[in-house]
Amino acid sequence: MDLREGTGDEQLIGQVAQQARVADLTLTGQDGLRARLARTVIERALKGEMDTHLGCARHERAEGDDGTGRKGTRSKTLLTMIGPVEIDTPCDRDASFDRQIVRKW
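Let us look at the structure shown here. (Residues numbered from 1 in each chain as written. Predicted model: local features only at pLDDT ≥ 70, side-chain atom pairs only at ≥ 80, totals over all residues. Heavy atoms only, no water.)

This brings us to the environment of L25. Tracing the sequence through the fold places L25 in the loop between α1 (8–22) and α2 (33–54). A residue is classified by how much of its surface remains accessible, and L25, at 24% relative accessible area, is partly exposed. Each C-alpha atom of the pair L25 and R36 lies 9.9 Å from the other, and the pair is 11 residues apart in sequence. Beyond its immediate sequence surroundings of up to four residues, L25 is in contact with A20, D31, L33 and R36. (Helix = DSSP H or I, 4+ residues; strand = E, 2+ residues; numbered from the N terminus. Buried < 20%, exposed > 50% of the residue type's maximum accessible area, 1.4 Å probe, protein only. Contact = heavy atoms within 4.5 Å.)

As structure tokens, this is what we get:
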């Protein structure tokens, strides 16, 4: 991801900053902008890992579906450099999903 001036990502950062100002978010703290961004990025990465593991996106059926599927989420607190961040980790029915970005235990 290129966050230098003049890139499309710069517009996205501007939009996020504007929304943070409107919502009166602080940069730091457990419910601050940095924690919310970390939570969003990590949860989206976990959903992508689950899609890859199951071979289909949410609300789709994998070819040769063996009954393994999503089973909701579990709450987990990550201890990060910006402080504790509460995330929801996806689960599958037969507990065969081995997360990579946020390891179990």
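Mapped onto the secondary structure, C91 falls in strand β2 (residues 83–92). Sequence separation of C91 and R74 is 17 residues, and the distance between their C-alpha atoms is 7.2 Å. Residues contacting C91, with those up to four places away along its chain left out, are M50, G69, R70, K71, G72, T73 and R74.

Let us now look at α2. For α2, spanning 22 residues, the distance from its first C-alpha to its last is 32 Å, which sits close to the expected 32 Å at 1.5 Å a residue. Every buried residue of α2 is listed here: L33, A35, R39, I42, E43, L46, E49, M50 and L54. G55 sits one or two positions beyond α2 and adopts a positive phi of about 80 degrees. (Expected span 1.5 Å × (residues − 1).)

Our next topic: the side chain of D92. Along the chain, the position of D92 falls in strand β2. Classification of D92 by relative accessible area gives buried; the value is 5%. At a separation of 3.0 Å, a polar atom in the side chain of D92 contacts the side chain of H53. A polar contact is formed between the side chain of D92 and the side chain of S96, at a distance of 2.9 Å. (Polar contact = N/O pair within 3.5 Å; in protein donor to acceptor, adjacent residues only side chain to side chain.)

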